[in-house]
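# Reading the structure
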Amino acid sequence: MKSTTIEDIQIIDIPRIEDPRGNLAVIEKEVIPYEIKRVYYLYDVPSDASRGGHAHIDQLELLVAVSGSFTVVLDDGKEKTEVTLKKPNKGLLIPKGIWRELDDFSSGSVCLVLSSGEFLEADYIREYDAFLSYKND
């Protein structure tokens, strides 16, 4: 949706079962507002590297720091905000039409991504100027 804004971004509490043997986080049913079609994760990202640098036309994504931490810079074409993910029971729900960049990866961090769609290159806006044009059409 072209009209999505920073206000549409959500932090999702992922249900967890606490246990002295180790906690269990569960993402099922109504935890996220879409069917998961693709799961991938980023790991071994150097601390000075940046990932993302794109927006999606139709896909929604939930990002979870399952280990370590990283910062997500979010941009709706008019306003920017930053969110640091560092807890495996918190997910960042990014709606369609929001530019994202991931950086400041801590050593050993893992970013899990649960996407509403399978990979489709045509769904990506990879140039920032094209993103601004898309948002302003």
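Rules of the game
Residues numbered from 1 in each chain as written. Predicted model: local features only at pLDDT ≥ 70, side-chain atom pairs only at ≥ 80, totals over all residues. Heavy atoms only, no water. Helix = DSSP H or I, 4+ residues; strand = E, 2+ residues; numbered from the N terminus. Polar contact = N/O pair within 3.5 Å; in protein donor to acceptor, adjacent residues only side chain to side chain. Contact = heavy atoms within 4.5 Å. Salt bridge = Lys/Arg side-chain N within 4 Å of Asp/Glu carboxyl O. Core = buried A, V, L, I, M, F, W, Y, C linked by side-chain atoms within 4.5 Å. Buried < 20%, exposed > 50% of the residue type's maximum accessible area, 1.4 Å probe, protein only. Phe/Tyr/Trp six-rings, centres within 6.5 Å; stacked < 30°, edge-to-face > 60°. Lys NZ or Arg CZ within 6 Å of the ring centre and 35° of its normal. Arc of directions from axis to C-beta. Pairing = 2+ DSSP bridges.

### Examining the side chain of R100
Of note, R100 is situated in strand β10 (residues 99-103). Separated by 2.7 Å, the side chains of R100 and E61 make a polar contact. Excluding residues within four positions of it along the chain, R100 makes contact with G52, G53, H54, A55, H56, E61, V72, V73, L74, I94 and P95.

### Re the pattern of salt bridges
Side chains carrying opposite charge are able to pair once their charged atoms draw close together. For the structure on display, the rule yields 6 salt bridges. In this structure, K90 and D13 form a salt bridge, with 2.2 Å as the shortest nitrogen-oxygen distance. Taken as a pair, K90 in strand β9 (residues 90-94) and D13 in strand β1 (residues 10-13) lie far apart in primary sequence, 77 residues in all.

### Remarks on the nonpolar core
L63, F70, V72, L74 and L92 are the most contacted members of the largest nonpolar core, which totals 18 residues. Elements that contribute at least two residues to this core include exactly β6 (61-67), β7 (70-75), β8 (80-85), β9 and β11 (110-115). The biggest single contributor to this core is β7, with 3 residues. Not counting residues within four places of it along the chain, the set of residues in contact with L63 comprises F70, V72, L85, K90, G91, L92, I94, L102, C111, L112 and V113.

### Some remarks on the packing of aromatic side chains
Within this structure, the stated rule accounts for 6 aromatic pairs. Arranged with centres 5.3 Å apart and planes meeting at 25 degrees, the rings of F70 and F105 form a pair that is stacked. Residue F70 is located in strand β7, and its partner F105 is located in the loop between β10 and β11; the two are separated by 35 residues in the primary sequence. Ring centres 5.8 Å apart and planes at 40 degrees place the aromatic pair Y128 and F131 in the tilted group. Taken together, the residues span about one helical turn, with Y128 and F131 both in helix α1 (residues 128-136) at a distance of 3 residues. Judged by its relative accessible area of 28%, Y128 falls in the partly exposed class. Three or more aromatic residues joined by ring pairs form one cluster here, namely W99, Y128 and F131. Lying over the aromatic face of Y124, R126 brings its terminal NZ or CZ to 4.1 Å of the ring centre.

### Regarding α1
Because the α-helix completes a turn every 3.6 residues, residues three or four places apart line up on one side. Turning to α1, its buried residues are F131, Y134 and K135. Projected onto a plane normal to the axis of α1, the buried residues spread over an arc of 95 degrees and lie on a single side. Residues of α1 that are exposed and angled more than 90 degrees away from the buried face: D129 and N136. Where α1 is buried, its residues contact β5 (51-56), β7, β10 and β12 (124-125).

### Re the sheet that holds β7
Ordered in space as β8-β7-β10-β5-β12, the 5 strands form an open sheet in which the pairing is antiparallel. Looking at the sheet topology across the chains shown, the edges are occupied by β8 and β12.

### Considering the pairing of β8
Note: β7 against β8, 6 bridges, orientation antiparallel. Paired with V72 across the strands is V83, a residue of β8. Here β7 hands over to β8 after 4 residues, with G77 in that stretch at a positive phi of 100 degrees.

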